[in-house]
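Observations on the three-dimensional arrangement
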Amino acid sequence: MHWKNDLSRLLNIEYPIIQAPMLGTATPQMVAAAAKANCLGALPLGDLPADKCVEIIRATKQLTNAVFAVNIFVNDIPEITDELRAQYKTVKNFITQLANQHHIEVQLPEIEEIKVNSYHERIDAMIAEDCKIVSFTFGNLDEQSIHRLKSSGIKLIGTCTSVNEAVILEKSGIDLICVQGIEAGGHRGTFVNADIPEIGGMSLLSKVYDSVSVPLIYAGGIYNGRTLKAAQALGAQGFQIGSLLLGSAESALMEFEKQRLRNLNEKDIVLTKSFSGRYARGIKNTFVNAVEANQQILPYPYQNKLTAELRRIARINHNADFVNIWTGQSINAYSGKSTTEILENLIKEAEK
Ligand SMILES: Cc1cc2nc3c(=O)[nH]c(=O)nc-3n(C[C@H](O)[C@H](O)[C@H](O)COP(=O)(O)O)c2cc1C
């Protein structure tokens, strides 16, 4: 296994293995532990306000001197129209009733109370905090942001789930592309067509490789040496690892969530918009079944903001039926070892 390639040189890392940014799960400790394995840690900032981003970036820098990536969501924010307001009310009533039926006391926000922020404020924070690598998902950065980030010497990684999206990212001057296979845990990075792309990860990676010339990272289903080498054979130079790290010592998941993961079978894992309004892969539960059956789901980020408090309370009560536990299709042992050890084992397996 040759690890040195254009991508490892560009990012200045020994192993071109990237600990996936996982909002709510990947912690500063996980980023530092990935760096300890000489891989690239990625700090998820999602849609957090700028001051929170600064706090987390600084906390991570306290734990490691290594370079790490920061990751943000760059989605469009739909305008609040009368139609959306009416739809919000209907969905809010439905979810409140559902919670009541299951004896969960929760006060869901009115649409006016929802705070959404644009990614531009996070860009200011990342530049001010001297970040070196920025990855993003749910969209493409606008031209001005790309220019600002690149002229600050920042390397950019965009996420695609189709050939079309990869071509758009390359044309915009993005340095590296993360090809997210359908197998991947968590949200899909899709931004051109909101429908689920029907193409599987193997076909997608190979097609993207034939269509663009920037180095590719593959994300989706890598859980051992063989799957990593398969991605390499199909043209990936970097390997993004998410679900394999969910049970790790540095994961922010609670013990009941880790236990739920360790009792999975493949039928439990679905792609659903029910929690956030965007497709995400995770564990099917009472909430998913009820919302899918009702068929009324708000666009992202409104569904996400509407359901946040319910999920927060369910989590406190260790109620796996109302929390979103994201995971990909490659069910694994969800080891409780440190991220460093899990990644070192993966490297060893790939070198066999
Ligand atoms: C719990 C969880 C949270 C995630 N959050 C993010 C995120 O904040 N930003 C992002 O770009 N990708 C996110 N992803 C997707 C991962 O970056 C990656 O595409 C995926 O984990 C790879 O597939 P795998 O889970 O099979 O390894 C998340 C994935 C999981 C499992």
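Residues numbered from 1 in each chain as written. Predicted model: local features only at pLDDT ≥ 70, side-chain atom pairs only at ≥ 80, totals over all residues. Heavy atoms only, no water.

The name an unreviewed UniProt entry assigns to the chain is Propionate 3-nitronate monooxygenase, from the organism Pedobacter montanisoli. Its UniProt record gives the chain the following Catalytic activity (unreviewed entry) comment, quoted word for word: "3 propionate 3-nitronate + 3 O2 + H2O = 3 3-oxopropanoate + 2 nitrate + nitrite + H2O2 + 3 H(+)". (UniProt positions renumbered as here; feature names shortened; annotations may be inferred.)

Before going further, it helps to spend a moment on the overall build of the chain. Secondary structure assignment for the chain yields 13 helices and eleven strands. Computed over its C-alpha atoms, the radius of gyration of the chain comes to 19 Å, within 12% of the 20 Å expected for a compact globule of 352 residues. With the C-alpha coordinates of the chain rotated into their principal frame, the extents come out at 55 × 45 × 40 Å. Buried residues in the chain amount to 56% of all 352 residues. In the chain, the proportion of contacts linking residues at least 24 apart, taken out of those at least 6 apart, comes to 67%. Carbon together with sulfur atoms contributes 47% to the accessible area of the chain, which is approximately 15600 Å² in total. Taken as two groups, the 35 positive and 38 negative side-chain charges of the chain have centres that lie 5 Å from each other. (Helix = DSSP H or I, 4+ residues; strand = E, 2+ residues; numbered from the N terminus. Rg over C-alpha atoms; globule rule 2.2 N^0.38 Å. Buried < 20%, exposed > 50% of the residue type's maximum accessible area, 1.4 Å probe, protein only. Contact = heavy atoms within 4.5 Å. Areas by Shrake-Rupley, 256 points an atom, 1.4 Å probe, with all protein chains shown as cover. Lys, Arg positive; Asp, Glu negative; His and termini not counted. Charge placed at Lys NZ, Arg CZ, Asp CG, Glu CD.)

Take helix α4 (residues 82–101) next. The terminal C-alpha atoms of α4, which comprises 20 residues, lie 29 Å apart, in line with the 28 Å expected from a rise of 1.5 Å per residue. Among the residues of α4, L84, Y88, V91, K92, I95, L98 and A99 are the ones counted as buried. End-on view of α4: buried residues confined to an arc of 130°, all on one side of the axis. Of the residues in α4, the exposed ones pointing more than 90 degrees away from the buried face are D82, E83, K89 and Q101. (Expected span 1.5 Å × (residues − 1). Arc of directions from axis to C-beta.)

On to the packing of aromatic side chains, then. All told, the structure shown has six aromatic pairs when counted by the stated rule. Measuring from centroid to centroid gives 4.3 Å for F73 and F138, while their planes differ by 25°, and the two rings are stacked. Highlighted residues: F73 in strand β3 (residues 69–73) and F138 in the loop between β4 (133–137) and α6 (143–151), separated in sequence by 65 residues. Joined through ring pairs, the aromatic side chains of F275, F287, F322 and W326 make up one cluster. (Phe/Tyr/Trp six-rings, centres within 6.5 Å; stacked < 30°, edge-to-face > 60°.)

What follows is about the sheet that holds strand β8 (residues 216–219). Two strands in a sheet stick together by hydrogen bonds in their backbones, pointing the same way (parallel) or opposite ways (antiparallel). Pairing in this open sheet of eight strands is parallel, and the strands run β1-β9-β8-β6-β5-β4-β3-β2 from one edge to the other. Each end of this open sheet is capped by a strand with a single partner; those strands are β1 (17–19) and β2 (42–46). Between one strand and the next, the sheet's axes are offset by a mean angle of 25°, whatever the strand orientation. Note that β8 and strand β9 (residues 238–241) share three bridges and pair parallel. The partner of A219 across the bridge, within β9, is Q240. (Pairing = 2+ DSSP bridges. Axes fitted to C-alpha atoms, helices over the stretch in contact; angles between N-to-C directions.)

Another aspect to go through is the packing of helix α2 (residues 28–36) against helix α13 (residues 339–351). Axis angle and axis distance: for two packed helices, these are the angle between their axes and the distance between the axes, and together they describe the pair. The interhelical angle for the contact between α2 and α13, taken along N-to-C directions, is 40°, at an axis separation of 8 Å. Our classification of the angle between α2 and α13 gives oblique. Crossing angle aside, the handedness with which α2 passes α13 is right-handed. Where α2 approaches α13, its residues M30, A33, A34 and K36 are matched on the opposing element by T339, T340, L343 and E344. When grouped by side-chain class, the residues that make up the contact of α2 with α13 number four nonpolar, two polar and two charged. (Parallel < 35°, antiparallel > 145°, perpendicular 65-115°, else oblique. Left-handed = near helix turned anticlockwise from the far one by under 90°. Nonpolar A, V, L, I, M, F, W, Y, C, P; charged D, E, K, R; others polar.)

What follows covers the pairing of β3. Within a regular strand, side chains alternate between the sheet's two faces. Here β3 lies mainly inside the structure; five of its five residues are buried. Residues of β3 alternate between two faces, with A69, N71 and F73 on one and V70 and I72 on the opposite face, all of them buried. Here β2 runs beside β3; their pairing, made up of four bridges, is parallel. The residue bridging A42 from the neighbouring strand is A69, located in β3. Crossover connection from β2 via helix α3 (residues 50–63) to parallel β3: handedness right-handed. Here β3 runs beside β4; their pairing, made up of five bridges, is parallel. The residue of β4 that forms the bridge with A69 is I133. (Right-handed = clockwise from strand over helix to strand, strands pointing away.)

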